[in-house]
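Spelled out, the chains give:
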Amino acid sequence: MGKAEHRPGGGLMEFTPQQAATLAEIMLWRRDVRHFLADPVPEEVLERLRLAMDHTPSVGNARPWRVIRVESPNLRAAVRAEFERCNQNAAASYEGEQAAAYTKLKLAGLDAAPVQLAVFTETDPEAGHRLGRATMELTLQQSTAMAIFALWLTARAENLGVGAVSILEPRVMERLFRVPERWEFSAYLCIGKPAFTDDTPLLHRAEWQRNEETVWERR
Ligand SMILES: Cc1cc2nc3c(=O)[nH]c(=O)nc-3n(C[C@H](O)[C@H](O)[C@H](O)COP(=O)(O)O)c2cc1C
């Protein structure tokens, strides 16, 4: 067993209130970042982001996320072009003031983010032996979303920003990266040093969509 081996009767890991407060701060100051500085991200920091994905829960422990680090200028340009195409289509689906407001939003940091990841989900992995997903196929994509969020929080703790880009056509992305048949596109991530930090989402500030509180209904 590894170093996190469970020892009955001992080895209980406890965190201090101060550590819990730090996590709350990380949550509060985590943003979707679209404005990046060009500073490169050290490899050892990227390695910690990769490890964060390893520590993510996943259905049946299947770990279905597949990650491609996108470095080729040609691939990056193709992703940017695909984003522009999808973003123009999205803009055309709004009318009047909403259309004008949409066009003013910056919805991706593809122009400047020094690190870019294309994230896919393997839709029929051998790993996990189908445990937990017979009734909910969606759990594979949910697992990938959790791995992305683990990376997202870890990046914030490293004073980096992450921006998720979904204004892309999945089938186009799968063709562009020539991924195996059973991989489904999940997200494209932009990572780097943020140009500024904020405790409030950009879409709230831009008055596109206000923050709403999460409600826990009692029944
Ligand atoms: C699955 C997913 C896809 C997203 N896609 C985009 C996107 O394409 N472009 C964008 O600007 N933001 C995108 N976002 C970011 C959301 O707009 C953002 O999380 C939300 O407005 C709240 O802001 P915050 O993350 O700063 O708290 C995405 C977020 C998620 C979780």
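Presented here is a report on the structure given in the accompanying data block. (Residues numbered from 1 in each chain as written. Predicted model: local features only at pLDDT ≥ 70, side-chain atom pairs only at ≥ 80, totals over all residues.)

1. Looking at the overall build of the protein chain
Counting its regular elements, the protein chain contains seven helices and four strands. Put simply, the protein chain runs from its N terminus to its C terminus through helices and strands in the order α-α-β-α-α-β-α-β-α-β-α. With the C-alpha coordinates aligned to their principal axes, the bounding extent of the protein chain is approximately 65 × 50 × 45 Å. Across the 219 residues that make up the protein chain, the buried fraction comes to 25%. When contacts within the protein chain are restricted to residue pairs at least 6 apart in sequence, those whose partners lie at least 24 apart make up 85%. (Helix = DSSP H or I, 4+ residues; strand = E, 2+ residues; numbered from the N terminus. Buried ≥ 20, exposed ≤ 12 C-beta atoms within 10 Å, placed from the backbone. Contact = placed C-beta atoms within 7 Å.)

2. Observations concerning the pairing of strand E4 (residues 183–192)
Within E4, eight of the 10 residues are buried, which leaves the element mostly enclosed by the surrounding structure. Relative to E4, strand E2 (residues 115–122) is paired through eight bridges, and the arrangement is antiparallel. The residue bridging Val119 from the neighbouring strand is Ala187, located in E4. (Pairing = 2+ DSSP bridges.)

3. What about unusual backbone geometry?
Of note, Arg130 is a non-glycine position whose phi angle comes to about 70°, a positive value. Considering the arrangement of structural elements, one finds Arg130 in the loop between E2 and helix H5 (139–157). With a phi angle near 45°, Arg178 is a residue other than glycine that sits in the positive phi range. Within the secondary structure layout, Arg178 lies in the loop between helix H6 (170–176) and E4. Look at Arg178 and you get exposed, because 6 C-beta atoms sit within 10 Å.

4. Details of the site of the ligand
Looking at the ligand, the residues that line it are Arg31, Asp32, Arg34, Leu107, Ala108, Ala164, Val165, Ser166, Ile167, Pro201 and Leu203. Taken together, the residues of the shell around the ligand break down into seven nonpolar, one polar and three charged. (Near = placed C-beta within 6 Å. Nonpolar A, V, L, I, M, F, W, Y, C, P; charged D, E, K, R; others polar.)

5. Notes on the pairing of strand E3 (residues 161–165)
The buried fraction of E3 is high, at four of five residues. Of the pairings in the sheet, the one linking E3 to E4 comprises five bridges and is antiparallel in character. Bridging from a neighbouring strand, Val162 pairs with Ile191 of E4.

6. Description of H5
Every α-helix winds through 3.6 residues per turn, so residues three or four apart in the chain are directed the same way. Taking 1.5 Å per residue, 19 residues should reach 27 Å; H5 reaches 27 Å between its end C-alpha atoms and fits that length. Inspection of H5 places Leu140, Ser143, Thr144, Ala147, Ile148, Leu151, Trp152, Thr154, Ala155 and Arg156 among the buried residues, and these make up the whole buried set. Of the surrounding secondary structure, the elements contacted by the buried residues of H5 are helix H1 (17–29), helix H2 (43–54), strand E1 (65–69), E2, E3 and E4. Downstream of H5 by a residue or two, Asn159 has a phi angle that is positive, lying close to 60°. (Expected span 1.5 Å × (residues − 1).)

7. Section: the environment of Phe83
Mapped onto the secondary structure, Phe83 falls in helix H3 (residues 73–92). In this structure the C-alpha to C-alpha distance between Phe83 and Ala52, which are 31 residues apart in sequence, comes to 27 Å. Residues within four places of Phe83 in sequence aside, it is in contact with Ala108, Leu110, Val165, Ile167 and Leu168.

8. Concerning the nonpolar core
Residues Val119, Leu151, Leu189, Cys190 and Ile191 are the most contacted members of the largest nonpolar core, which totals 33 residues. Elements represented by at least two residues in this core include exactly H2, H3, E2, H5, E3 and E4. Considering every element that reaches this core, the biggest residue donor is E4, with six residues. Leave out the neighbours within four places in its chain, and Leu189 touches Gln116, Leu117, Val119, Ile148, Val162 and Ala164. (Core = buried A, V, L, I, M, F, W, Y, C linked by C-beta atoms within 7 Å.)

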